[in-house]
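Coordinates in review
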Amino acid sequence: MADLRFFEKEGPFSLGELASRIEANVHEGSDETISITDVAPLDSAGPDEIAFLDNPKYVAAFEATKASACIVGRKFVDKAPAGIALLVSDQPYRSYALAAQCFYPTSCRPSDTFGDASTVSPATHIHPSAKVNEGATIEPGAVVSAACEVGSGAVIASCAVVAKGTTVGRDSYIGPGASISHAHIGDRVTIHAGVRIGQDGFGFAMGLPTHEKIPQLGRVIVQDDVEIGANTTIDRGAGPDTIIGAGTKIDNLVQIGHNVVIGQGCIIVAQCGLSGSGEFGDYVALGARVGTIGHIKIGDGVQIAARSSVIHDIPEGQRWGGTPAKPVREWQRELIALQRMAKDYGKKKGSTA
Amino acid sequence: MADLRFFEKEGPFSLGELASRIEANVHEGSDETISITDVAPLDSAGPDEIAFLDNPKYVAAFEATKASACIVGRKFVDKAPAGIALLVSDQPYRSYALAAQCFYPTSCRPSDTFGDASTVSPATHIHPSAKVNEGATIEPGAVVSAACEVGSGAVIASCAVVAKGTTVGRDSYIGPGASISHAHIGDRVTIHAGVRIGQDGFGFAMGLPTHEKIPQLGRVIVQDDVEIGANTTIDRGAGPDTIIGAGTKIDNLVQIGHNVVIGQGCIIVAQCGLSGSGEFGDYVALGARVGTIGHIKIGDGVQIAARSSVIHDIPEGQRWGGTPAKPVREWQRELIALQRMAKDYGKKKGSTA
Amino acid sequence: MADLRFFEKEGPFSLGELASRIEANVHEGSDETISITDVAPLDSAGPDEIAFLDNPKYVAAFEATKASACIVGRKFVDKAPAGIALLVSDQPYRSYALAAQCFYPTSCRPSDTFGDASTVSPATHIHPSAKVNEGATIEPGAVVSAACEVGSGAVIASCAVVAKGTTVGRDSYIGPGASISHAHIGDRVTIHAGVRIGQDGFGFAMGLPTHEKIPQLGRVIVQDDVEIGANTTIDRGAGPDTIIGAGTKIDNLVQIGHNVVIGQGCIIVAQCGLSGSGEFGDYVALGARVGTIGHIKIGDGVQIAARSSVIHDIPEGQRWGGTPAKPVREWQRELIALQRMAKDYGKKKGSTA
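Residues numbered from 1 in each chain as written. Chains lettered and ligands numbered in written order. Predicted model: local features only at pLDDT ≥ 70, side-chain atom pairs only at ≥ 80, totals over all residues.

Once that is clear, we can look at the overall build of chain A. Each helix and strand counted, chain A has four helices and 39 strands in total. Each principal axis of the C-alpha atoms in chain A carries an extent, and together these give about 80 × 80 × 35 Å. Going through the 353 residues of chain A one by one, you find that 58% of them count as buried. Summarising the internal contacts of chain A: among those between residues at least 6 apart in sequence, 24% fall at separations of at least 24. (Helix = DSSP H or I, 4+ residues; strand = E, 2+ residues; numbered from the N terminus. Buried ≥ 20, exposed ≤ 12 C-beta atoms within 10 Å, placed from the backbone. Contact = placed C-beta atoms within 7 Å.)

A common measure of how large an interface is: the accessible area buried when the components associate. Across the contact, 50 residues belong to chain B and 52 residues belong to chain C. When contributions to the side of chain B that touches chain C are tallied by element, the ones reaching two or more residues are strand E21 (204–205), strand E22 (212–213) and helix H4 (328–352) of chain B. For the side of chain B that touches chain C, the element with the highest residue contribution is H4 of chain B, accounting for five residues. Residues belonging to the side of chain B that touches chain C are distributed by class as follows: 18 nonpolar, 24 polar and eight charged. (Nonpolar A, V, L, I, M, F, W, Y, C, P; charged D, E, K, R; others polar.)

Before going further, it helps to examine the relation of the copies chain B and chain C. When chain B is fitted to chain C, the best match, at an RMSD of 0.1 Å, comes from turning it 120 degrees and sliding it 0.0 Å along the axis. What the superposition gives is, in effect, a three-fold axis relating one chain to the other. (Least-squares fit on C-alpha atoms with pLDDT ≥ 70 in both.)

For the rest of this paragraph, the subject is the domain arrangement of chain A. Splitting chain A by domain gives domain 1 (13–103) and domain 2 (125–329). The gap between the C-alpha centroids of domain 1 of chain A and domain 2 of chain A is 37 Å. (Domains from an automatic or database assignment.)

With that out of the way, let us pick up the interface of chain C and chain A. Each partner contributes residues to the interface: chain C has 50 residues there, and chain A has 52 residues. Where the side of chain C that touches chain A is concerned, the elements lending two or more residues are strand E21 (204–205), strand E22 (212–213) and helix H4 (328–352) of chain C. Residue contributions to the side of chain C that touches chain A peak at five residues, all from H4 of chain C. In terms of residue class, the side of chain C that touches chain A is built from 18 nonpolar, 24 polar and eight charged.

Before going further, it helps to examine helix H3 (residues 92–103) of chain A. Residue and element names in this part refer to chain A. Over its 12 residues, H3 extends 17 Å from the first C-alpha to the last, a length consistent with the 16 Å expected when each residue adds 1.5 Å. Of all 12 residues in H3, 10 are buried; the element is thus mostly enclosed. Regarding H3, the residues found buried are Pro-92, Arg-94, Ser-95, Tyr-96, Ala-97, Leu-98, Ala-99, Ala-100, Gln-101 and Phe-103. (Expected span 1.5 Å × (residues − 1).)

To continue, consider the sheet that holds strand E17 (residues 179–180) of chain B. Residue and element names in this part refer to chain B. Read from one edge of the open sheet, 10 strands run E8-E11-E14-E17-E20-E25-E28-E31-E34-E37, paired in parallel fashion. The open sheet has two edge strands, strand E8 (125–126) and strand E37 (309–310), and neither has a second partner. The sheet contact formed by strand E14 (residues 161–162) and E17 spans two bridges and is parallel. Residue pairing across strands places Val-161 opposite Ser-179, the latter belonging to E17. (Pairing = 2+ DSSP bridges.)

Residue and element names in this part refer to chain B. Side-chain alternation along strand E6 (residues 69–72) places Ala-69 and Ile-71 on one buried face and Cys-70 and Val-72 on a second face that is also buried. Bridge count for strand E5 (residues 49–53) against E6 is four bridges, and the pairing is parallel. Along E6, the bridge assignment pairs Ile-50 with Ala-69. Bridge analysis of E6 against strand E7 (residues 85–88) gives four bridges, and the strand direction is parallel.

All names here are of chain A. Spatially, E10-E13-E16-E19-E24-E27-E30-E33-E36-E38-E39 is the arrangement adopted by the 11 strands of the open sheet, whose pairing is mixed. The open sheet has two edge strands, strand E10 (137–138) and strand E39 (325–327), and neither has a second partner. Two strands pair when backbone bridges link them, and strand E30 (residues 267–268) and strand E33 (residues 285–286) are joined in this way by two bridges, in the parallel orientation. Note that in E33 the partner of Ile-268 across the bridge is Leu-286.

This next bit is on the relation of the copies chain C and chain A. Least-squares fitting of chain C to chain A yields an RMSD of 0.0 Å, with the transformation described by 0.0 Å of translation along the axis and a rotation of 120 degrees. When the interface residues of chain C are mapped onto chain A, a mere 16% of them are again interface residues, pointing to distinct binding faces.

As structure tokens, then:
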């Protein structure tokens, strides 16, 4: 069970109620009236708890589990140990996520950091021209500047700075110490601690003796349901805007350059670096530490392996990897060939030495 | 046009006045009295706006532009569409930068984030022994500690922390949530949000059972006209100082280790990592995510390709790339040879399998 | 000598007293009563100062030094210039660290940033239910939330945010602008500026049209004597905790994913990225910018070269490097073979072209 010092717990729920909330069905023969108190992993779950099984690797743990109930895919139903209740789901991991959200409803969107939910602390710095809507929380030490607007249900955490003119949508969360300027933030956006949005892009007309700064005249538009990880940096556009599409999830310590346009539902893992003016389609997935050069075009649904350096445009739907990145099959073939050649070379040299 | 919610606009300017401010000349036959209201790209510029052309790729856009005026290099003058006014410049991109600065003069140096320019907010934390010079702006939630000095025209943005003894020069900007200690910051320096300057370098006498910490007894010296990107970290020296030379521009999420000395006018793109005690000459350019080992010496004017790992000293004026980095021509030749060899190897194996 | 604007200096100490405090012995014939005023490098040390020699590279500097005293290993004793006093140590660099700590005792643990040591500023935001123990320092603009506890001797620096429920041990330091939630921080821990601890791990059940967020129900446990570098991010566990073992030292801009467990005394250099659920033994050393994939197991005492990408488990005591990482000898052999092959290939092509 999660540490109740940090998490608020709800429940118990009947199996039937859970089923209706997590896109799953009560398996025939399972008792929908039993009471479930918590989620837990297969191997540590006890009576009254619900686990899940999605990966064949864990079938043995499933067969041995002490959980009262389990969320499973249809194909695992006949592996169920005697007496366990089953919720059958087409997407067991997703159903597990929804179940965990039932028991810990405030765990997914930080409601506040200070502990005085839903109030505007007198210890904040709110400019008289800012509009803070009813039901927003501004925590101690937070700063809301001139002409800003903060939506209902939004939280501006302690020491976060919302610079002049910036708008924050409804039910969005701006984490401790984050700072946002020249930006419009949508609804239900989660911006974690230390994120930097809207500062100048890195634009200079290089020359001697001085590099002349190019005014950065665009903004950052963060659409609804985006999540942005701690200490990530997103520069504002140079003229056009930098745009993060709806439902895109960005991990920690990512750098996003000016004018980058990211589509909907993308996944960008930690420490990626997206150079200026790149265009990314919908549902693109970048593994950890991927780097892309400027002005690149990445199609819808493209997946790029962790640590790759991308210097060519990628058509939609493809999987690429490597430095420089190429289609995954080609990259893997090349890697293996080079390793074998190096080994052969070593042997040959050894035999003639 | 830039969003006036975020940017203050000036103008219009006559073509002649612009010419005199952007290091360009009015082309013969162009009317220097026409009024220009804004800068814009060639393809979206309208009447009364000025665009620029620097890259042959955009000649077609030039020929079709609806802009009233354009900044161009001499070689493109004869491609000009009928009726357009021309400003001829040796460095059209630089002249464009200067023109954009004319129309948006406050866009290049953040004047403030809160919206009460040029005041010391009562909601700041200023130590009685600190000296804040006339005309400095200390924003709400900013902290200026004991024995600090803040120059005239400088801005300490909300929730920035200037630790004890640190000095900030005239017209410098310390962004929201940045923190600076053990440092002297020059004039006209821009430090973006979340930058960390002056914390301990990573120095330990490693051993069992504990690693003994080496006191870090140096400082960070940031010379005039430097710009430092969001969430970049610069450690103070271990004994000598860490030094960032005048006019050097550093992008976001860069790590600079203790004792590093960087010359004048360098360009360091995002996510680079400079290990301790490295020495970099003047006008060195590091592409994104370059890493250098400790105690390295990089000569004046060296250029290093993005993503390279540098483990050898580089003489002045050279261009290197790769991991480990070598002269660019050698690196490219090696890359191509390896790709071809891998392909040949695959074919051979295929034919004998 | 260190700049007294930033550092508090103690001493002088007699040679004998120093010896007793730095795990060294006064060499026979050296006068233990002489007075030492400071530490300094061999080449710049003057009378009354003590230097150290650990590396044969610096024997010439040792022979020419003007220092009154020097910390040396036994093997260098007979190279000593006439008249110098010697402290003989089995670990000269460690003894130097201890000597520097004698002269600059506050340099290793930031005592405060504002300049009003050992007080709770009225300009802080402390929740009524938080417990701040006697002798803790809460600086202006710092936030201590509901149900937190801050140990005696701890410092919460300006604009740092300790979120609800979090505990900070005795004599620990939370740097300016850092934020910590869902965490227990041990004793004598140093957390530098801008560190982010305890935010959500990056967990989603990916799908169309939306990625479902997995509640992150664990915590971050930071054991005693850990040091964490500026702007580093450590996510809380998804169910189990993320754990940083005692005495581990982490550099700047490192990313540590959810559920990672790091043993004691590890060294993790700047810009490393440790993916979720990795397990690291004791005294593991990761060079700069090492990346490890999820669920990896790295044994005790493993050393990994800078910039390596680790995708396989590594047994204890081994040294690995490369992308993908392999045992160092194998990696080096492969690197050399590939370089030679590429060169040979170039020549062959040249001769037949």
